[in-house]
Amino acid sequence: MIETKGLSKSFGGIQALSNCTLSLKGHAITGLIGPNGSGKTTLFNLITGFLPPDSGEIYFKGKRIDGRLPHEVASAGIVRTFQLTRVLPKMTVLDNMLIACPRQTGETLSSLFFHSNTIRVEENQNRKRALELIEWVGLSHLKDQWAGNLSYGQQKLLELARALMANPTMILLDEPTAGINPIMIQTMMELILKMKEWGMIFFIIEHNMDVIIELCEWIFVLDNGEKIAEGKPKEIQQNPRVIEAYLGV
Amino acid sequence: MDLFLHLWIMIFIYSIFAMSLNLEMGYTGLFNFGHIAFFGIGAYTSALLTLHQIPFALAFVVALVASGFFGFLLSIPSLRLRGDYFGIATLGFGEILRMVFQNEVWLTKGPMGLPGIPKPILFSYRFATLPQYLLLTMGLTIVTFLILRIIIRSPLGRTLRGIREDEIVLMALGKNAFHFKIKSVVIGSVFAGLAGVLWTHYTTFISPGDFTLSETILVLLIVVLGGKGTEWGPLMGAFVLIFFQESLRFLKLPTEWGRYLAPLQQMIFGGLLIFLMIYRPEGLIREKGEGR
Ligand SMILES: Nc1ncnc2c1ncn2[C@@H]1O[C@H](COP(=O)(O)OP(=O)(O)O)[C@@H](O)[C@H]1O
Ligand SMILES: [Mg+2]
């Protein structure tokens, strides 16, 4: 799905990512791990067009996507979440979901006055789907609350549901279980696995090894902006370079 | 009685002006500090055209198109800037435009202003008297309110609010935030232009001094006081502040006070704006939602 070739990015003197070449092929859930500051989020930022790479190329389904704007990448089918959740705080949970629908007729000015029926039908469909997904992640009782009032864990669930609402081919999750309680981590994993059954493809940054081992079919390891290993979870666990990077030996 | 009619006409004109700013500031989160420019473009365009014997209906349409067009021109470079810098760019635009009104004497007669702007004639009906003019402004206020309400309550309005909340999220979800912000500014500018048209044919005399930063502050204050991001807030704010301002004008105060009154009022308005921003950012009316 996603392929990067020789991707580099530096911030001032810091080389956040150097000559990173990786290819996500055929796996429903791919993991990305590495110590703090190893460039994982930076890689997501480059893939999703939020930051331009210094050099290198990015491909999605064989098409080159580096240089595209974030919304273009998203429209092409890659939707991301954020390490620190980003909900729309002063909008309801339901609106947070509805806003994610791609290509809404009601977003063009003229249609408001000339295609109000189309919009109504579309809104009803979207609302039905949004409510289903809200229920699915267990937030039904909060659907009319401002998203900013939700707990951190609930916001993470909302972000996941919202990503799905955008109807992408692939979802990039940046630490989906960071900072939430064990029960919610369990919920999150179940939801991700369910989405996988539905055919969704994931690329996940994660620190929690249990989560990684349980979810991922393939793992990339970054250290200091460089890919130091890739492989199946079992292999990665035993890889001496990975152990070294994590233990800082 | 005349004072009463005058008051309401002014309240309605400023309601339209404030509603247009509310779309940008309250719903889209764009702090436009040069909004008076579009009021001015509407005012000057319609004034100049009708003074050159162009029928009002046509002048009206051209004025709105001109306001929207300049909104578009301004928004392209300035919306590429982030947050606060948009505010500064618009502030600059407002001042530049006033300079244009002042210095392009061949067109605008400069500081002399444009006297004798005709009263509007629509379908051979002339809105000349105060009650007639009140009817016109009230009608257009209602039309503005309804159109903006359709927009605000639509998926488009929802996306604009999303941009206000966090445009990064919207981009990550595939929305062209830049595009939507341009839309918001263009629509806002058209209705600011409408307010300008109504005002120009009401006072029948305009000059560059009518389009200063203090007018922008007044309309900002109206929106903030009334409650930004609410449907009725701008009307509430306009009612309170215009009532206050216009009543002061008609109090029989000693003339030598006038020297102090105007600057004093500006200080009070400026101070009130800052106070509200800090202590009651939600204004009189609070945005709907089960918050707090
Ligand atoms: N926008 C930025 N500006 C400056 N430095 C950054 C920026 N983003 C990341 N960095 C730096 O790049 C390095 C990698 O960061 P990041 O990709 O966030 O790591 P990770 O997600 O693996 O913890 C860090 O040293 C970080 O401080
Ligand atoms: Mg990170």
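Everything that follows concerns the structure shown earlier in this document.
First things first, this report covers the structure right here in the doc. Given the structure is predicted, the values throughout are model-derived calculations rather than measurements.

Cut-offs applied
- Residues numbered from 1 in each chain as written.
- Chains lettered and ligands numbered in written order.
- Predicted model: local features only at pLDDT ≥ 70, side-chain atom pairs only at ≥ 80, totals over all residues.
- Heavy atoms only, no water.
- Pairing = 2+ DSSP bridges.
- Helix = DSSP H or I, 4+ residues; strand = E, 2+ residues; numbered from the N terminus.
- Contact = heavy atoms within 4.5 Å.
- Axes fitted to C-alpha atoms, helices over the stretch in contact; angles between N-to-C directions.
- Expected span 1.5 Å × (residues − 1).
- Buried < 20%, exposed > 50% of the residue type's maximum accessible area, 1.4 Å probe, protein only.
- Donors = N, O, S within 2.8 Å, 3.2 Å for Na, K, Ca; no water.
- Buried area = accessible area lost by both parts, 1.4 Å probe.
- Salt bridge = Lys/Arg side-chain N within 4 Å of Asp/Glu carboxyl O.
- Polar contact = N/O pair within 3.5 Å; in protein donor to acceptor, adjacent residues only side chain to side chain.
- Nonpolar A, V, L, I, M, F, W, Y, C, P; charged D, E, K, R; others polar.

What follows is about the sheet that holds strand β2 (residues 14-23) of chain A. Pairing between sheet strands relies on hydrogen bonds along the backbone, with the strands arranged either parallel or antiparallel. All names here are of chain A. Strands sit in the order β2-β1-β4-β5 across an open sheet of four strands; the sheet is antiparallel. For this open sheet the edge positions go to β2 and β5 (63-64), each flanked by a neighbour on one side alone. On the sheet, helix α1 (residues 40-47) packs against β1 (2-11), β2 and β4 (55-60) and is oriented at approximately 115 degrees with respect to β1.

We now examine helix α2 (residues 36-51) of chain B. A turn of α-helix holds 3.6 residues, and therefore any two residues three or four places apart point the same way. All names here are of chain B. Between its terminal C-alpha atoms α2 stretches 22 Å, which fits the 22 Å expected from 16 residues at 1.5 Å a residue. Counting buried positions over the 16 residues of α2 gives 14, a clear majority of the element. Trailing α2 by a residue or two, Gln53 shows a phi angle of about 65 degrees, which is positive.

What follows covers the coordination of the magnesium ion (ligand 2). Residues and elements named next belong to chain A. Ligation of the magnesium ion (ligand 2) by protein atoms is provided by Thr41 (OG1) and Gln83 (OE1), these donors lying 2.0 to 2.1 Å from the ion. Of this pair, Thr41 sits in helix α1 while Gln83 sits in the loop between β6 (78-80) and α3 (93-98), placing them 42 residues apart in sequence. Relative accessible area serves as the criterion here: at 30%, Gln83 is assigned to the partly exposed category.

So, on to the interface of chain B and chain A. Contacts between the two partners involve 31 residues from chain B and, on the opposite side, 34 residues from chain A. Between chain B and chain A lies a buried interface of about 2800 Å² when both sides are counted; carbon and sulfur atoms form 63% of it. Taken together, chain B and chain A are joined by four salt bridges. Arg86 of chain A is the partner of Asp166 of chain B in a salt bridge, and the nearest nitrogen-oxygen pair spans 2.7 Å. Our count for the contact surface shared by chain B and chain A stands at 12 residue pairs in polar contact (both at pLDDT 80 or more). When residues of the side of chain B that touches chain A are traced back to their parent elements, those giving at least two are α6 (130-153), α7 (155-172) and α8 (177-203) of chain B. Considering each element in turn, the side of chain B that touches chain A owes the most residues, 14 residues, to α7 of chain B. The residue inventory of the side of chain B that touches chain A, partitioned by class, reads 13 nonpolar, seven polar and 11 charged.

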